[in-house]
Amino acid sequence: MIRVLFATSEVYPLVKTGGLADVSASLPEALCRLEYDVQILLPGYPDAVKAARKAGSRRKARFQLGQYNVSLWQTRLPGTAVTLWLVDCPPLFDRPGDPYKNEEGKDWWDNAHRFELFGKVGAMIAMGEAGLTWRPDLVHCNDWQTGLIPVFLEAYQDRPGTVFTIHNLAYQGLFSHETFRALGLPDSLWSLEQLEFYGQLSFIKGGLVFSDRITTVSPTYAREIQSPEFGSGLDGLLRHRQHALSGILNGIDTRVWNPAEDPELAFHYGRDHLKNKAQCQANLQQELGLEVNGGPLLGFIGRLVDQKGVDWMLSVMPALLEQGCQFVILGSGEDRYEEPLKQLARTWPGQMSLTLGYNEGLSHRITAGCDLFLMPSRFEPCGLNQMYSLRYGTIPVVHGVGGLADTVQDPQDVGIDKANGFVFTGASAESLLATVNRALQVFDKRKQWRRLQENGMAIDYSWKQRARTYGDLYQGILKDRDQQQLD
Ligand code: ADP
């Protein structure tokens, strides 16, 4: 049985700021079902340590790392049989709220130190130096917070295999040269070919340069990030490593996201009994103080940041509201998007609802209750919300980039019999508006709309097949390493 240490800075339901948390829970679980021994490594955030203590979990190791006392707690990911290791180091991780930011929304001043220590502990476990009886054959790193693990492992001939997954290339873990020095990393790492990035220390480069393989979360994004437009300055490096790079589409947790059983919904439905979806819509409209009128109801859930195309959405909303569309928006983010959304909600009471903040239950009810779901992202590594929507018979309107292009098919491209949503390709508000209007025309043709819903609901979005692809990748890495050791 292949043993894998899955290092991540977020995992649902313990700590979540985005899609990384969902993937970090459901992929290891799917791999465990395929008989891989995948164990998760997570920083010991207070809620996670509290949950572990409550579950009667045990401290399995204790050691000193520089000035810090570190303990490793062994517990289980809630509701699963997956082993979870918590790196307990209170001065670095015992902080409330967001895992990366303080209460004012500013990055913690010592994030580099926090995730360097996390990386060191990951490397110690990988080399059997942390005092555990378990040692992995392979370390699966995720995003910049884990980027130093492959760097630390590079020093060892008999290290495990390494794979680094990019969930979002825009977040790179960049720090000053002084921070590089303060971390005490060897001077030899300060070069263009290693961790230096335009005069800064780049954690993500650790993963991209030193891992055996690199993956990202959709085939289209894997191609896009090799171009200057989507490469965030790292496209050259990614082209250089193109033979080690592949895209594997994310799956979703089809038990958490199932309209036939979702505990967040008062009414349930499925592909062959869609009638109750209208009840879910009426309930949502009532809950949010909107007029109960049969729609069209358009939804958006997500971080209110530049990536998500909120400015394009803001520019098309007045015209669509004028036309009688309703909007439900759930999210939080930058003031420059929150303020105009608040203004619109004040101007259009009964027709537009805005909920600022994070609300898991409401996100399920919006996904079920809307007719259309907007994802006008400028770039989107994979995107999960469009898959949740498709599974709930809610038709996505998306920008044709990254994982959105890989999961949504437009009637103009594949015909209504095969389509499941609407895709715009011009990167502009005009293009978004034209495509929403095209969708609204089909909304009025009930039979065609139903066809789109059924097509989307018929697709298998589960991890089963996708986890197998990761399994094949793991086996390929281990085979290559055996070969290298023979050579
Ligand atoms: P990203 O990781 O870029 O934020 P994804 O679409 O990959 O985007 O994943 C976002 C995840 O976070 C989804 O599960 C989405 O439903 C959830 N989410 C985002 N914002 C909110 C919110 N305000 N309330 C509830 N869930 C949210």
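Residues numbered from 1 in each chain as written. Predicted model: local features only at pLDDT ≥ 70, side-chain atom pairs only at ≥ 80, totals over all residues. Heavy atoms only, no water.

Peer 1: Summarise the site of the ligand; cite the residues concerned and give the values.
Peer 2: Taken together, 18 residues lie near the ligand, and Gly19, Asp22, Arg303, Lys308 and Gly357 sit nearest. Here Asp22 contributes a side-chain N or O atom positioned 2.9 Å from an oxygen atom of the ligand. Within the backbone of Asn359, one N or O atom sits 3.0 Å away from a nitrogen atom of the ligand. About the coverage of the ligand: the protein hides 92% of its 570 Å² of free accessible area. Residue assignment for the shell around the ligand shows that the elements contributing at least two residues are α1 (19-33), β13 (297-304), β14 (326-333) and α14 (385-391). The dominant element in the shell around the ligand, judged by the number of residues it contributes, is β13, at 3 residues. A per-class count over the shell around the ligand returns 5 nonpolar, 9 polar and 4 charged. Formed jointly, the shell around the ligand draws a minimum of three residues from each of two domains, domain 1 (3-251 + 464-486) and domain 2 (276-457). (Near = heavy atom within 4 Å. Polar contact = N/O pair within 3.5 Å; in protein donor to acceptor, adjacent residues only side chain to side chain. Areas by Shrake-Rupley, 256 points an atom, 1.4 Å probe, with all protein chains shown as cover. Helix = DSSP H or I, 4+ residues; strand = E, 2+ residues; numbered from the N terminus. Nonpolar A, V, L, I, M, F, W, Y, C, P; charged D, E, K, R; others polar. Domains from an automatic or database assignment.)

Peer 1: Run through the sheet that holds strand β18 (residues 422-424), naming residues and quoting values.
Peer 2: With parallel pairing, the 6 strands of this open sheet are ordered in space as β15-β14-β13-β16-β17-β18. Each having just a single partner strand, β15 (352-356) and β18 make up the two edges of the open sheet. Each strand of the sheet is rotated relative to its neighbour by a mean of 15°, with strand direction disregarded. Pairing between β14 and β15: 5 bridges, direction parallel. Its bridge partner being in β15, Val328 is matched across the sheet by Ser353. Packing of helix α12 (residues 335-347) onto the sheet brings it into contact with β13, β14 and β15, and relative to β15 it is tilted by some 145°. (Pairing = 2+ DSSP bridges. Axes fitted to C-alpha atoms, helices over the stretch in contact; angles between N-to-C directions. Contact = heavy atoms within 4.5 Å.)

Peer 1: So what about the packing of helix α10 (residues 276-287) against helix α13 (residues 360-369)? Which residues, and what values?
Peer 2: For the pair α10 and α13, interaxial distance at closest approach is 8 Å and the crossing angle is 130°. The angle between the axes of α10 and α13 places the two elements in the oblique class. The two elements α10 and α13 meet at a crossing, and its hand is left-handed. Taken together, the residues of α13 that come into contact with α10 (itself represented by Lys277, Cys280, Gln281, Leu284 and Glu287) are Leu362, Arg365, Ile366, Thr367, Ala368 and Gly369. (Parallel < 35°, antiparallel > 145°, perpendicular 65-115°, else oblique. Left-handed = near helix turned anticlockwise from the far one by under 90°.)

Peer 1: Outline the sheet that holds strand β10 (residues 200-202), listing residues and values.
Peer 2: Taken in spatial order, the 3 strands make up an open sheet running β8-β10-β9, and their pairing is antiparallel. Of all the strands in the sheet, the pair left with one neighbour each is β8 (174-175) and β9 (196-197). Relative to β10, β9 is paired through 2 bridges, and the arrangement is antiparallel. Bridged to Phe197 within β10 is Gln200. In the packing of helix α7 (residues 203-210) onto the sheet, the strands contacted are β8, β9 and β10, and the crossing angle to β10 comes to about 55°.

Peer 1: Tell me about the domain arrangement of the protein chain, and name the residues and values.
Peer 2: According to the domain assignment, the protein chain contains domain 1 (3-251 + 464-486) and domain 2 (276-457). Measuring from the centre of the C-alpha atoms in domain 1 to the corresponding centre in domain 2 gives 33 Å. The interface of domain 1 with domain 2 comprises 20 residues on the first partner and 18 residues on the second. Carbon and sulfur atoms supply 58% of the area buried between domain 1 and domain 2, which totals about 1,300 Å² over both sides. (Buried area = accessible area lost by both parts, 1.4 Å probe.)

Peer 1: Describe unusual backbone geometry, with residues and values.
Peer 2: Cis geometry marks the peptide bond from Tyr12 to Pro13, where omega comes out at 5°. Relative to the elements of secondary structure, Pro13 occurs in the loop between β1 (3-7) and α1. Across the junction of Gly295 and Pro296, the peptide omega takes the value 5°, indicating a cis bond. Among the structural elements, Pro296 can be located in the loop between α10 and β13. A positive phi angle is found at Ser232, which is not glycine, with a value near 45°. One can find Ser232 in the loop between α8 (219-224) and α9 (235-240).

Peer 1: Describe the packing of helix α17 (residues 429-443) against helix α18 (residues 446-458), listing the residues and the values that go with them.
Peer 2: If you want to describe how two helices pack, look at the angle between their axes and the distance between the axes. Contact geometry for α17 and α18: axes closest at 7 Å, N-to-C directions at 110°. The pairing of α17 with α18 is recorded here as roughly perpendicular in orientation. Touching Ala439, Val442 and Phe443 of α17 are Arg446, Gln448, Trp449 and Leu452, all from α18.

Peer 1: Please provide a residue-by-residue account of the environment of Tyr392, values included.
Peer 2: In this fold, Tyr392 is placed in the loop between α14 and β17 (395-399). Exposure remark for Tyr392: the relative accessible area of 0% places this residue in the buried category. With 335 residues separating them in the primary sequence, Tyr392 and Ser57 have C-alpha atoms 37 Å apart. (Buried < 20%, exposed > 50% of the residue type's maximum accessible area, 1.4 Å probe, protein only.)

Peer 1: Describe α7, listing the residues and the values that go with them.
Peer 2: Most of α7 is tucked away, with 7 of its 8 residues classed as buried. Of the residues making up α7, those classed as buried are Phe203, Ile204, Lys205, Gly206, Gly207, Leu208 and Phe210.

Peer 1: Break down the pairing of strand β16 (residues 372-375) for me, citing the residues and quoting the values.
Peer 2: Residues of β16 alternate between two faces, with Leu372 and Leu374 on one and Phe373 and Met375 on the opposite face, all of them buried. One ladder, built from 2 bridges, connects β13 with β16; its direction is parallel. Directly across from Gly299, in β16, lies its bridge partner Phe373. As judged from the 4 bridges shared by β16 and β17, these two strands associate in the parallel manner. Bridge pairing links Met375 to Val398 in β17.

Peer 1: Provide a residue-level description of the side chain of Arg466, including the pertinent values.
Peer 2: If you trace the backbone, Arg466 turns up in helix α19 (residues 464-486). Here Arg466 sits buried without a salt bridge, and the closest side chain of opposite charge, Asp460, lies 6.5 Å off (N-O distance). Apart from the residues within four sequence positions on either side, Arg466 is in contact with Ile248, Leu249, Asn250, Gly251, Met387, Asp460 and Tyr461. (Lys, Arg positive; Asp, Glu negative; His and termini not counted. Salt bridge = Lys/Arg side-chain N within 4 Å of Asp/Glu carboxyl O.)

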